[in-house]
Amino acid sequence: MQKNNYGMPLMGLGTYGRRGAEGVAAMLAAIEIGYRHLDTAQSYDTERECGEALRQSGLARADMFITTKIDMPNFGSGKLIPSLRRSLDTIGIDQVDLTLIHWPSPHNQVPLPVYIEQLAEAQALGLTKTIGVSNFTIALLQQTQAILGAVPIANNQVECHPYLQNRKLVDFCAAAGIPVTAYQPIAKGTLVGDPVLEPLAAGKGCTVAQLAIAYAFARGLAAIPTSGKRERLASNFAAQELSLTPADMATIASLDRGTRRINPASAPAWD
Ligand SMILES: NC(=O)c1ccc[n+]([C@@H]2O[C@H](COP(=O)([O-])OP(=O)(O)OC[C@H]3O[C@@H](n4cnc5c(N)ncnc54)[C@H](OP(=O)(O)O)[C@@H]3O)[C@@H](O)[C@H]2O)c1
């Protein structure tokens, strides 16, 4: 399985909605299939399930890459580190592999340095191996890098799929050496029935979801699709074996229409 420079497997499992016994069962199925990267967040309420699945799987801690994300109410001075310690307790581990700021604080309500400095301190304390951000724009990434100095931003997790290809941001991150993770890489299942993707997938003997995931990998991104169904978990995982020709890439590139599925009022001014 391909990993980025910070040890993150490019194929990951999103865990939004994977709660309770069913959530643990889906994660265990994913682990059996070969997933070694779980993406959770304080706000998903799936940290406990991630820890439970890890323990039930019998895998060594070092064999699983775990990301969590700090929720906005925990950005204030003195709040971030205790919240990350609670996350570690909930998961049942000593250190996460990656901690992200889930969203930038709207209108700088909590000034950026306040939460970025606490994030860096959490890393220095060993609570997280690496640190990064999510839903950050180019301007916010530049400000974050200025605050962090030599400490690298190990990830920017953003919405990215064939209908929202985020080229300006992805190009900036590539040039700055900031790995990007594509969230909702299969656009929540809405690519099914697409008049361009369906015939392309049929011709290649794959699914449209596999095309979208392989497209993310071909662009150098990590992808974290989720499913509650074993067959889909397996077929999504198998997208790692799919190779796309330059013509396939051009066809999928043509589908970019800027359709942003996650765009709350509190979102930053997107690039
Ligand atoms: N940082 C952020 O702000 C942020 C925001 C959103 C999401 N995320 C992360 O990204 C992960 C993925 O996003 P998401 O869960 O919202 O959406 P997604 O992975 O793009 O799509 C999941 C949906 O697609 C369906 N699906 C899965 N595989 C399929 C396939 N092969 N063919 C057709 N449909 C399929 C699933 O239904 P079934 O379960 O019925 O298969 C589910 O309804 C999240 O779980 C979360 O970890 C991060």
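Refer to the preceding data block for the structure.
Residues numbered from 1 in each chain as written. Predicted model: local features only at pLDDT ≥ 70, side-chain atom pairs only at ≥ 80, totals over all residues. Heavy atoms only, no water.

Asks: Hey, could you run me through empty space enclosed by the protein in this one?
Replies: Any empty space left between atoms is shown by rolling a water-sized probe over those atoms. Going through the model one piece at a time under the given rule, you end up with two cavities of 30 Å³ or more. If you add up the space inside the largest cavity, you get close to 70 Å³. Along its surface, the largest cavity is lined by Asn-135, Phe-136, Val-158, Glu-159, Asn-166, Leu-169, Arg-260, Trp-270 and Asp-271. Split by residue class, the lining of the largest cavity holds four nonpolar, two polar and three charged. When its volume is computed, the second largest cavity comes out at roughly 50 Å³. Taken together, Cys-160, His-161, Pro-162, Ala-182, Pro-185, Ala-212, Tyr-215, Ala-216, Arg-219 and Leu-221 form the lining of the second largest cavity. (1 Å grid on protein atoms, 1.4 Å probe; cavity = no way out; pocket = protein on both sides within 12 Å on 5 of 7 lines; lining within 4 Å. Points joined across faces, edges and corners; volume = space filled by probe spheres on them. Nonpolar A, V, L, I, M, F, W, Y, C, P; charged D, E, K, R; others polar.)

Asks: It is not clear to me how unusual backbone geometry should be interpreted in this structure. Could you clarify?
Replies: Generally, phi is negative for residues other than glycine and the peptide bonds are trans, each holding for most cases. Despite not being glycine, His-107 shows a phi value in the positive range, around 50 degrees. Checked against the element boundaries, His-107 lands in the loop between β4 (96-101) and α4 (112-124). Positive phi is not limited to glycine here, since Asn-108 has a value of about 55 degrees. The topology assignment puts Asn-108 in the loop between β4 and α4. (Helix = DSSP H or I, 4+ residues; strand = E, 2+ residues; numbered from the N terminus.)

Asks: Mind showing me how you'd approach helix α7 (residues 197-204) here?
Replies: In an α-helix, one full turn covers 3.6 residues, which means residues spaced three or four apart are oriented alike. Within the sequence span of α7, burial applies to Leu-197, Leu-200 and Ala-201. Each buried residue of α7 sits inside an arc of 95 degrees when the element is viewed along its axis, so together they form one side. Among the exposed residues of α7, those pointing more than 90 degrees away from its buried face are Ala-202 and Gly-203. Looking at the buried side of α7, the elements it contacts are α8 (208-218) and α10 (246-253). The first or second residue beyond α7 is Gly-205, which carries a positive phi of 70 degrees. (Buried < 20%, exposed > 50% of the residue type's maximum accessible area, 1.4 Å probe, protein only. Arc of directions from axis to C-beta. Contact = heavy atoms within 4.5 Å.)

Asks: Looking at this structure, how should I read the sheet that holds strand β8 (residues 222-223)?
Replies: Hydrogen bonds between backbone groups are what pair the strands of a sheet, and the pairing can be parallel or antiparallel. In space, the eight strands of this open sheet follow the order β1-β2-β3-β4-β5-β6-β7-β8, with parallel pairing throughout. Taken across any chain shown, the strands that pair with only one partner, and hence form the sheet edges, are β1 (13-14) and β8. Examined bridge by bridge, strand β3 (residues 65-70) and β4 share four bridges and lie parallel to one another. Within β4, the position partnered with Lys-69 by the bridge is Leu-100. (Pairing = 2+ DSSP bridges.)

Asks: Sorry, what's going on with the site of the ligand here?
Replies: Neighbouring the ligand are 30 residues; Asp-39, Gln-184, Ser-227, Lys-229 and Arg-232 lie closest to it. Between the ligand and Tyr-44 there is a distance of 3.3 Å, counted from a nitrogen atom to a side-chain nitrogen or oxygen. Within the side chain of Asn-236, a nitrogen or oxygen atom sits 2.9 Å from a nitrogen atom of the ligand. For the ligand, the protein covers 88% of the area, taking 900 Å² as the surface of the free molecule. With respect to the detected pockets, the ligand is housed in the largest pocket. The class makeup of the residues in the shell around the ligand is 12 nonpolar, 12 polar and six charged. (Near = heavy atom within 4 Å. Polar contact = N/O pair within 3.5 Å; in protein donor to acceptor, adjacent residues only side chain to side chain. Areas by Shrake-Rupley, 256 points an atom, 1.4 Å probe, with all protein chains shown as cover. Sits in = over half its atoms within 2 Å of the grid points.)

Asks: Even after reading the chapter, I still don't get the nonpolar core, so can you show me in this structure?
Replies: Nonpolar side chains tend to gather and get buried jointly when the protein is soluble and globular. Core analysis: the largest hydrophobic core is formed by 79 residues, its most contacted members being Leu-80, Ile-101, Tyr-115, Phe-136, Leu-141 and Leu-211. Per-element tally for this core: the top contributor is α8, with nine residues. Not counting the four nearest positions on each side in its chain, Leu-141 is found in contact with Val-133, Phe-136, Ile-153, Asn-156, Leu-169, Phe-172, Cys-173 and Ile-178. (Core = buried A, V, L, I, M, F, W, Y, C linked by side-chain atoms within 4.5 Å.)

Asks: I'm lost on the side chain of His-37 in this one. Help?
Replies: The topology assignment puts His-37 in strand β2 (residues 37-39). Residue class for His-37 comes out buried when judged on its relative accessible area of 0%. Here Pro-9 takes part through its backbone oxygen, which lies 2.8 Å from a polar atom of the side chain of His-37. Beyond its immediate stretch of four places on either side in the chain, His-37 contacts Met-8, Pro-9, Met-11, Gly-12, Leu-13, Met-64, Phe-65, Thr-67 and Ile-224.

Asks: When you look at the layout of surface pockets in this model, what are you seeing that I'm missing?
Replies: What the largest pocket holds in volume is close to 790 Å³. What lines the largest pocket is a set of 34 residues, and nearest its centre among them are Gln-184, Ile-186, Lys-188, Pro-225 and Thr-226. Elements that contribute at least two residues to the lining of the largest pocket include exactly α8 and α9 (230-238). A total of three residues in the lining of the largest pocket trace back to one element, the largest contributor, which is α9. Across the lining of the largest pocket, the residue classes break down as 13 nonpolar, 15 polar and six charged. Of the volumes computed, that of the second largest pocket is approximately 250 Å³.

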